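# A look at the structure
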Amino acid sequence: HPPSIRAHSKKTQNTVTKQRPVFLPLAPADVMGMPVMAITSILHRISGIVLFLGLPALLYMLQKSLGSEAGFTELKTCLAAGWAKFGLWLLLSAVAYHVIAGVRHLIMDLGHLETKEGGRKAASTVLVLFVIAAALLGVFVW
């Protein structure tokens, strides 16, 4: 082949190679490389889903506990199990995170913390407050 054809085929190969999809690993180490604002946003959405799915259980427990003394005693016995305590802690922690992150969003709606640095500090504060709240809720439930 003449040199011009070889050069053209190499150029086409490089172009095709560059257009291939890029593998984006989603391991926990890669998630930690994400900005803290993105992590808090994703967790806020997850906590909302957990609340939506757990709301029927919370309403059932409320109805059961307020229905009669026997229902309250039955619910108390059920919540003595480890899996029930974990589920209750998970739901209460989701409520706590959703409220804390929601307050952050309300503050941002008022025009505060709109800079990149302010958003980073607010997101870090949300995570710290959530860890404290989750620990306190764990002590309360257990």
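Above this note sits the structure.
Rules and cut-offs
- Residues numbered from 1 in each chain as written.
- Predicted model: local features only at pLDDT ≥ 70, side-chain atom pairs only at ≥ 80, totals over all residues.
- Heavy atoms only, no water.
- Helix = DSSP H or I, 4+ residues; strand = E, 2+ residues; numbered from the N terminus.
- Buried < 20%, exposed > 50% of the residue type's maximum accessible area, 1.4 Å probe, protein only.
- Contact = heavy atoms within 4.5 Å.
- Areas by Shrake-Rupley, 256 points an atom, 1.4 Å probe, with all protein chains shown as cover.
- Polar contact = N/O pair within 3.5 Å; in protein donor to acceptor, adjacent residues only side chain to side chain.
- Expected span 1.5 Å × (residues − 1).
- Core = buried A, V, L, I, M, F, W, Y, C linked by side-chain atoms within 4.5 Å.

## Side note on the overall build of the protein chain
Per the secondary structure count, the protein chain includes six helices and zero strands. Shown N-terminal to C-terminal, the secondary structure of the protein chain runs as helices and strands in the order α-α-α-α-α-α. Every one of the 142 residues in the protein chain was classed for burial, and the buried ones make up 22%. Once local pairs closer than 6 in sequence are excluded, the contacts in the protein chain between residues at least 24 apart make up 74%. Of the roughly 10,600 Å² that the protein chain leaves accessible, carbon and sulfur atoms contribute 72%.

## Description of the side chain of Ser47
Tracing the backbone shows Ser47 in helix α3 (residues 36-67). On the accessibility criterion, Ser47 (6% relative accessible area) is buried. Within the structure, Ser47 has its side chain in polar contact with the backbone oxygen of His44 (distance 2.8 Å). Ignoring sequence-local partners within four residues, the contact set of Ser47 consists of Ala94, Tyr97 and His98.

## Describing helix α6 (residues 116-141)
Taking 1.5 Å of rise per residue, the 26 residues of α6 would be expected to cover 38 Å, and the 37 Å separating its terminal C-alpha atoms lies within 8% of that figure. Among all positions of α6, only Gly118, Gly119, Ala122, Ala123, Val126, Ala133, Ala134, Leu137, Gly138 and Val141 are buried. Check the buried side of α6 and you find it contacts α3 and α5 (82-109).

## A word on the nonpolar core
In this structure, Ala96, Tyr97, Ile100, Ala101, Val126, Ala133 and Leu137 together form the largest nonpolar core, which totals seven residues. Sorting the residues of this core by element identifies α5 and α6 as the ones contributing at least two each. Ranked by residue count, the leading element in this core is α5, at four residues. Excluding its chain neighbours within four sequence positions, the residues that come into contact with Ala96 are Ala133 and Leu137.

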